[in-house]
Amino acid sequence: MEERKKLTIPDLWDMVARGEKITFLTAYDYPTALLEDRAGVDMILVGDSAAMCMLGHKTTLPATMDFMVTITAAVSRAVTRAFVVGDMPYMSYQPSDEIAIKNAGRFIAEGGADAVKLEGGARAAERVEAIVRAGIPVMGHIGLTPQAASLIGGLKAQGRSAQTAKQLIEDAKTLEEAGAFAILLEAIPARVAELIVKRAKVPILGIGSGPACHGQLLIVHDILSLFEAFTPKFVKRYADVASVMRQAFEAYVREVKEGVFPGPEHTYKIPKEEWEALLRLLGEDAG
Ligand code: KIV
């Protein structure tokens, strides 16, 4: 059987050094994580996008620590190789270093994650430094940061002016200096991402940030066509799982209504002598 060693941060850094692209997908549950891990996905993000994709919220803000830790643990139980990153939800790290360290620790101890991710550039650097000092690896996240949607003008691409692009380049450097082991760029122009990659000493992962990044992240519900509220420009749909599910549900409804399901092959049998004994007990006729 193929040996499945759990990936570590040095393994990810080695992949970057030899020019191998890192594959990164979100997962929020055991069966999806199992399939991603066995398919060779290198990193799994248990994203707070679960609040939208799994719970039907309009934003990521309602995700709670208890919810995130529960689904992170489900993902971790499925994984034998992929590096698991737990996404720190809104207000789980912003208030203070102490709160941030305590909640990051829950992702590791209760959720079985290998690292945590939090949003923000320079404004988050102090928290990144504190969590790293506590011995927990942190991935930075800049560009489109959904927890700060109203601050950055909505869920839209960032860094499209010279000034904001320069700020992103500085943010990446600040996060690297604060100790982030990797940085995620979300929805920033490919040429700006390329400048960040050129200057970086840590792996740069991208979602909607072009091909220069050391690795690519996508949201699993997007690539499977399971999230239909909106589709960002950078999403590629790899399968229409929604259609497959819809067809299965419709066939089930039809077969139950028509009495086709369950058939004899789905039905348990009582041995003949037990059946006859039962009828005798009930005083009913065998015929
Ligand atoms: O929650 C999430 O899935 C994320 C990605 C969109 C980057 O943070």
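Throughout what follows, the structure given in this document is the object of discussion. This structure is a prediction, so every number in the text was calculated from the model and none was measured. (Residues numbered from 1 in each chain as written. Predicted model: local features only at pLDDT ≥ 70, side-chain atom pairs only at ≥ 80, totals over all residues. Heavy atoms only, no water.)

Let us now look at the side chain of aspartate 29. Within the secondary structure, aspartate 29 sits in the loop between β1 (22-26) and α2 (30-39). Buried charged residue aspartate 29 carries no salt bridge. Nearest counter-charge: arginine 77, at 11 Å. Polar contacts involving the side chain of aspartate 29 include one to the side chain of threonine 32, which spans 2.7 Å. (Helix = DSSP H or I, 4+ residues; strand = E, 2+ residues; numbered from the N terminus. Buried < 20%, exposed > 50% of the residue type's maximum accessible area, 1.4 Å probe, protein only. Lys, Arg positive; Asp, Glu negative; His and termini not counted. Salt bridge = Lys/Arg side-chain N within 4 Å of Asp/Glu carboxyl O. Polar contact = N/O pair within 3.5 Å; in protein donor to acceptor, adjacent residues only side chain to side chain.)

Time to look at the environment of alanine 148. By secondary structure assignment, the location of alanine 148 is in the loop between β5 (138-143) and α7 (162-178). Judged by its relative accessible area of 11%, alanine 148 is buried. Filtering out sequence-adjacent residues up to four positions away, alanine 148 remains in contact with Glu119 and Arg123. (Contact = heavy atoms within 4.5 Å.)

We now examine the packing of aromatic side chains. Inspection of the entire model under this criterion finds 3 aromatic pairs. Taken together, a centroid distance of 5.6 Å and an interplanar angle of 55° make the contact between phenylalanine 83 and phenylalanine 181 tilted. You can see phenylalanine 83 sitting in strand β3 (residues 83-87) and its partner phenylalanine 181 sitting in the loop between α7 and β6 (182-186), a full 98 residues away along the chain. The exposure classification of phenylalanine 83 matches that of phenylalanine 181, with both residues buried. (Phe/Tyr/Trp six-rings, centres within 6.5 Å; stacked < 30°, edge-to-face > 60°.)

Here we come to unusual backbone geometry. At the junction of phenylalanine 261 and proline 262, the peptide bond is cis and its omega measures out at 0° in the coordinates. By secondary structure assignment, the location of proline 262 is in the loop between α10 (241-258) and α11 (272-282). Unlike most non-glycine residues, methionine 91 shows phi in positive territory, near 70°. The backbone of serine 225 sits at a positive phi, close to 65°, despite the residue not being glycine. Considering the arrangement of structural elements, one finds serine 225 in the loop between α9 (220-223) and α10. You can call serine 225 buried: its relative accessible area is 7%.

This part takes up a nonpolar patch on the surface. The grouping of Ile270, Trp275, Leu278, Leu281 and Leu282 at the surface amounts to a nonpolar patch, some 520 Å² of accessible area in total. Counting through the fold element by element, tryptophan 275 comes out in helix α11. Take tryptophan 275: its relative accessible area is 42%, and that puts it in the partly exposed class. (Patch = residues over 30% accessible without salt bridge, like charges linked within 9 Å, V, L, I, M, F, W, Y side chains within 5 Å. Areas by Shrake-Rupley, 256 points an atom, 1.4 Å probe, with all protein chains shown as cover.)

Moving on: α10. Here α10 contains 18 residues, and its C-alpha end-to-end distance of 26 Å stays within 8% of the 26 Å for a straight helix at 1.5 Å per residue. Of the residues flanking the end of α10, it is glycine 259, one or two places downstream, whose phi is positive at about 75°. (Expected span 1.5 Å × (residues − 1).)

On to the site of the ligand, then. Contacts to the ligand come from Thr26, Leu45, Gly47, Asp48, Ser49, Asp87, Lys117, His141, Leu184, Glu186, Leu217 and Ile219. Between the ligand and the protein, one listed contact pairs an oxygen atom with a side-chain N or O atom of aspartate 48 at 2.9 Å. Within the side chain of aspartate 87, one N or O atom sits 3.0 Å away from an oxygen atom of the ligand. For the ligand, whose unbound accessible area comes to 260 Å², protein coverage reaches 97%. Considered class by class, the residues forming the shell around the ligand number 4 nonpolar, 4 polar and 4 charged. (Near = heavy atom within 4 Å. Nonpolar A, V, L, I, M, F, W, Y, C, P; charged D, E, K, R; others polar.)

With that settled, consider the sheet that holds β6. Taken in spatial order, the 8 strands line up as β1-β2-β3-β4-β5-β6-β7-β8 and close into a barrel, and their pairing is parallel. For this sheet, the mean inter-axis angle between neighbouring strands, taken without regard to orientation, is 25°. Here strand β2 (residues 43-46) pairs with β3 via 4 bridges, running parallel. When the bridges of β3 are listed, valine 46 appears paired with glycine 86. Against the sheet, helix α6 (residues 125-133) engages β4 (115-119) and β5, with an angle of about 170° to β4. (Pairing = 2+ DSSP bridges. Axes fitted to C-alpha atoms, helices over the stretch in contact; angles between N-to-C directions.)

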